[in-house]
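Each chain, letter by letter, is given below.
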Amino acid sequence: LVMAQFCARLRKNPDLPSPSMRDIYRHPTIRSLTAALVQAAAADTPAPAPEPTAPPAPVARASRAHHLLCGTAQLLIFLVYSLVWGFATARGYEWIAAGSGFVGIYVRSLLFGGIGFLALCIFPVIAKWLLVGRWKPGEFPIWGAAYLRFWFVKVLLHANPMVFFVGTPLYVLYLRALGARIGKGVTILSRTVPVCTDLLTVGAGTVIRKDAFFLCYRAHAGRIQTGRVTLGRDAYVG
C-alpha cells in the first residue's frame, strides 16, 4: 500500500515520471529507481529530425573548346615568358663577357645578378595588380578568362625567389605588397604561398607554422572559389 501511494503521488506531479509497481520492485533504492526512470525517459524521447542539407552545387563543366583554348593560352604564356627571360639572360651574358679583367667581370656579374633578382621579385607583384587588381570573395569557372589570369598570377607567385625568404620580415613585406593585411611582429614559416592575398588578414604577433595552409581559395564543383582568411592576434597557426 505504501508503494501504491508513492506511485500515485508521483503521477499527480506532471513534472515527474510515472513509475509502475514493477519498477519499484526492480529498483528498491531511490538512486537505482532514478537512474532507471531517466534512462526510460531518454529512450522514449523521439530523436530530432535531421536538418535538411543544401543540395550539392552543380558541377560547372567547361566545353572542349574552352579547355583547348585555355590550354593553348597557357602554353603560349609559358613560351613567351621563357623567351623573354632567355633573351634577357643572353644579353646579360654578352654584357658581362665584354667586361675587362676579373674585377670588371665580377662587378658586372654582381650588377646583372642583382637586377635580375629584383626583376624576378617585382614582376609578379606588378603582374598581379595589372591582371587582377584586388581579389574579392566570389567564384569563377575553370578554363575561362578569369581562371587564366588566376593561373598566371599563381604560377608567378610560386616561382618568385621571395619564397626562399619565408620566416623573415622580407617575406611579410612581400605579402603586404601583394595586398595582404598583416600586423606587426608576424612570423610566417609556411612555404604555402597565398594566391588571393587581398583576402588574407593576420593579426599582430601571430606565428604561422610550416604545416599551415592559407591559400584563400579552393577548387570545388568545377569552379575556383575565393574567400577571406582571418588569423587572430597573437595566435599560433599550424
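Below, the structure is looked at part by part. (Residues numbered from 1 in each chain as written. Predicted model: local features only at pLDDT ≥ 70, side-chain atom pairs only at ≥ 80, totals over all residues. Heavy atoms only, no water.)

**A short note on the overall build of the chain**
Moving on, step 1. What the chain contains, in helices and strands, is seven helices and nine strands.
Moving on, step 2. Looking at the chain as a whole, 29% of its 238 residues are labelled buried.
Moving on, step 3. Across the chain, the fraction of contacts at a sequence separation of at least 24, relative to all contacts at a separation of at least 6, is 49%.
Moving on, step 4. Here the chain displays about 16,000 Å² of accessible surface, and carbon together with sulfur accounts for 66% of that area. (Helix = DSSP H or I, 4+ residues; strand = E, 2+ residues; numbered from the N terminus. Buried < 20%, exposed > 50% of the residue type's maximum accessible area, 1.4 Å probe, protein only. Contact = heavy atoms within 4.5 Å. Areas by Shrake-Rupley, 256 points an atom, 1.4 Å probe, with all protein chains shown as cover.)

**Considering helix α4 (residues 64-97)**
Moving on, step 1. Compared with an ideal rise of 1.5 Å per residue, which puts 34 residues at 50 Å, α4 spans 49 Å between its outermost C-alpha atoms and is within 8% of the ideal.
Moving on, step 2. Among all positions in α4, only C70, Q74, G92 and I96 are buried.
Moving on, step 3. On its buried side, α4 packs onto α5 (101-131) and α6 (145-158). (Expected span 1.5 Å × (residues − 1).)

**Description of the environment of R228**
Moving on, step 1. Checked against the element boundaries, R228 lands in the loop between β7 (223-226) and β8 (229-231).
Moving on, step 2. For R228, a relative accessible area of 55% gives the class exposed.
Moving on, step 3. Separated by 14 residues in sequence, R228 and F214 place their C-alpha atoms 9.5 Å apart.
Moving on, step 4. When sequence neighbours within four positions are dropped, the list of residues in contact with R228 reads P137, R181, D198 and L199.

**Some thoughts on a nonpolar patch on the surface**
Moving on, step 1. Side chains of W95, F102, V103, Y106, V107, L110, L111 and I115 sit close together on the surface and give an oily, nonpolar patch of about 900 Å² of accessible area.
Moving on, step 2. Among the elements that take part in the nonpolar patch, α5 stands out by supplying seven residues, more than any other.
Moving on, step 3. As for its placement among the helices and strands, F102 is situated in helix α5. (Patch = residues over 30% accessible without salt bridge, like charges linked within 9 Å, V, L, I, M, F, W, Y side chains within 5 Å. Salt bridge = Lys/Arg side-chain N within 4 Å of Asp/Glu carboxyl O.)

**Observations regarding the nonpolar core**
Moving on, step 1. Residues Y174, L175, I182 and I188 are the most contacted members of the largest nonpolar core, which totals 37 residues.
Moving on, step 2. Put simply, the parts of the chain that give this core at least two residues each are α5, α6, α7 (169-177) and β4 (200-202).
Moving on, step 3. Examining the composition of this core, we find that seven residues originate from one element, α6, more than from any other. (Core = buried A, V, L, I, M, F, W, Y, C linked by side-chain atoms within 4.5 Å.)

**Re the sheet that holds strand β2 (residues 181-182)**
Moving on, step 1. Taken in spatial order, the three strands line up as β2-β4-β8 in an open sheet, and their pairing is parallel. The sheet is open, and its two borders are formed by β2 and β8, each paired with just one other strand.
Moving on, step 2. The pairing of β2 with β4 spans two bridges and is parallel. Across the sheet, R181 pairs through a bridge with T201, a residue of β4. (Pairing = 2+ DSSP bridges.)

**Considering the environment of T187**
Moving on, step 1. Mapped onto the secondary structure, T187 falls in strand β3 (residues 187-188).
Moving on, step 2. Separated by 21 residues in the primary sequence, T187 and I208 place their C-alpha atoms 6.3 Å from one another.

**Structural notes on the packing of α4 against α5**
Moving on, step 1. Look at α4 against α5: their axes get within 9 Å of each other, and the N-to-C directions meet at 160 degrees. Our classification of the angle between α4 and α5 gives roughly antiparallel. Considering the relative orientation of α4 and α5, their crossing is right-handed. Contact residues: α4 offers Y81, W85, A88, T89, G92, W95 and I96, while α5 offers I105, R108, S109, L111, F112, A119, L120 and F123.
Moving on, step 2. Residues belonging to the contact of α4 with α5 are distributed by class as follows: 11 nonpolar, three polar and one charged. (Axes fitted to C-alpha atoms, helices over the stretch in contact; angles between N-to-C directions. Parallel < 35°, antiparallel > 145°, perpendicular 65-115°, else oblique. Left-handed = near helix turned anticlockwise from the far one by under 90°. Nonpolar A, V, L, I, M, F, W, Y, C, P; charged D, E, K, R; others polar.)

**Details of the pattern of salt bridges**
Moving on, step 1. All chains considered together, the criterion is met by four salt bridges.
Moving on, step 2. The shortest N-O distance in the salt bridge between E94 and R91 comes to 3.9 Å. Here R91 and E94 lie together in helix α4, a separation of three residues that amounts to about one turn.
Moving on, step 3. Here R223 ties to E139 by a salt bridge, and the two come within 3.4 Å at their closest N and O atoms. Residue R223 is located in strand β7, and its partner E139 is located in strand β1 (residues 138-141); the two are separated by 84 residues in the primary sequence.
Moving on, step 4. Residue class for R223 comes out buried when judged on its relative accessible area of 18%.
Moving on, step 5. Linked by salt bridges that have partners in common, K128, R134 and D198 make up one network.

Function-wise, these values are silent; they only describe arrangement.
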